[in-house]
Amino acid sequence: MRRLRSISVAGALALVAGAVALTGAPAAAEEVGTTAVQNDFVVWRPSNGTWYRRTQSGVTASSQWGLAGDVPVSGDYTGDGRSDYTVWRPSNGVWYVKNRITGVTSATQWGLGGDVPAAGDYTNDGRGDYTVWRPSNGVWYVKNSVTGATSSTQWGTGGDVPAAEDVNGDGATDYVVWRPSNGTWYVKDAVTGATTATQWGLVGDIPVPGDHTGDGRADFTVWRPSNGVWYVYDSATGNTTATQWGLAGDVPVSGDFTDDARDDYTVWRPSNGVWYVKDSASGTTSSTQWGLQGDVPVAFR
Ligand SMILES: [Ca+2]
Ligand SMILES: [Ca+2]
Ligand SMILES: [Ca+2]
Ligand SMILES: [Ca+2]
């Protein structure tokens, strides 16, 4: 039986999109949805704009959607509980969404060149919102994907990495930035506006927010390329863990690949296209080849 999951896991997209600018690493996107469904292995190929998807049971599919230069974004914008094939185009600020089941497409302009797409369900209606974070002024611009209503919230400054996630477990994605210069996570509650600051991580780390403890609250998590260690700070208790998984050059991906409603330690290795998964609860590991060098891994359910 699948457990309902109210958390909107959305941050890795923003953070890795941010990392693109900072480090040149490929973007990874996270998922927004209300039903716990384990992640598929998904890569987007810039050279032909094609999405390649492989389920945990080995079923494969592909779909052309997007152009070179686009940023792949995940999230459920159509409300069917499954990720849609979605790209954001920096040249015109348009979000292009393709329902992976029906093939129905949409295009919504939201954002400007230089913005960082920051997918998440900030409005807590179970559907991803079109959201960008603007480095020049630190403002989050949110467009409700159902009603079209818009809002803006200032949170963060240039140089920060947006890492939006639902940190308090109320179902609404919170405004989160991670500041490389001091390794601090700054959180603004999307509902109440309450703020917190938590030091966790060092310059050079990659923020990969996700719920590794299974309580529905995203934990402050960084992956350190120099030693391949995942450092997790439990957002509820303050307990910390360190788990080695991955090598320098890997791309960390946040997601639940083992179907237990806990995000796992997962890296995708560009040199061989292999996904390496370490279960957050049991430590069990697995590897699956899916994708080619030059692809962008996307967290996708
Ligand atoms: Ca929403
Ligand atoms: Ca929240
Ligand atoms: Ca947690
Ligand atoms: Ca898991």
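Computed from a predicted model, the values in this text were never measured in an experiment.

Cut-offs applied
- Residues numbered from 1 in each chain as written.
- Chains lettered and ligands numbered in written order.
- Predicted model: local features only at pLDDT ≥ 70, side-chain atom pairs only at ≥ 80, totals over all residues.
- Pairing = 2+ DSSP bridges.
- Helix = DSSP H or I, 4+ residues; strand = E, 2+ residues; numbered from the N terminus.
- Axes fitted to C-alpha atoms, helices over the stretch in contact; angles between N-to-C directions.
- Buried ≥ 20, exposed ≤ 12 C-beta atoms within 10 Å, placed from the backbone.

Trainee: Sorry, what's going on with the sheet that holds strand E9 (residues 130–134) here?
Mentor: Strand pairs in the sheet, formed through backbone hydrogen bonds, run parallel or antiparallel to each other. Judged by pairing direction, the sheet is antiparallel, and its 4 strands sit side by side in the order E8-E9-E10-E11 without closing on themselves. For this open sheet the edge positions go to strand E8 (116–117) and strand E11 (150–154), each flanked by a neighbour on one side alone. Direction of pairing for E9 relative to strand E10 (residues 139–143): antiparallel, over a ladder of 5 bridges. When the bridges of E10 are listed, Tyr130 appears paired with Lys143.

Trainee: Before we go on, may I ask you to explain the pairing of strand E22 (residues 274–278) in this structure?
Mentor: In the case of a regular strand, side chains alternate between the two sheet surfaces. As judged from the 5 bridges shared by strand E21 (residues 264–269) and E22, these two strands associate in the antiparallel manner. Of the residues in E22, the one forming a bridge with Trp268 is Trp275. Taken together, E21 and the strand that follows it, E22, pair antiparallel across an intervening segment of 4 residues, in which Gly273 is found at a positive phi of about 65 degrees. In sequence, E22 turns back onto strand E23 (residues 285–289) through a hairpin of 6 residues, with Gly283 there showing a positive phi of about 80 degrees.

Trainee: Mind showing me how you'd approach the sheet that holds strand E6 (residues 94–98) here?
Mentor: With antiparallel pairing, 4 strands are arranged side by side in an open sheet as E4-E5-E6-E7. The outermost strands of the open sheet, each flanked by one partner alone, are strand E4 (71–73) and strand E7 (105–109). Here the strands of the sheet are splayed against their neighbours by 25 degrees on average, with no regard to which way each runs. Looking at chain direction, E4 and strand E5 (residues 85–89) are connected through 3 bridges and run antiparallel.

Trainee: I'm lost on unusual backbone geometry in this one. Help?
Mentor: If a residue is not glycine, its phi is most likely negative; likewise, a peptide bond is most likely trans. A positive phi angle, close to 55 degrees, is found at Asn124, a residue other than glycine. Looking at the element boundaries, Asn124 is found in the loop between E8 and E9. On the basis of neighbour count, Asn124 is assigned to the partly exposed category, with 17 C-beta atoms found within 10 Å. Within the chain, Ala261 stands out as a residue other than glycine whose phi angle is a positive 65 degrees. Relative to the helices and strands, Ala261 resides in the loop between strand E20 (251–255) and E21. We classify Ala261 as partly exposed; it has 19 C-beta atoms within 10 Å.

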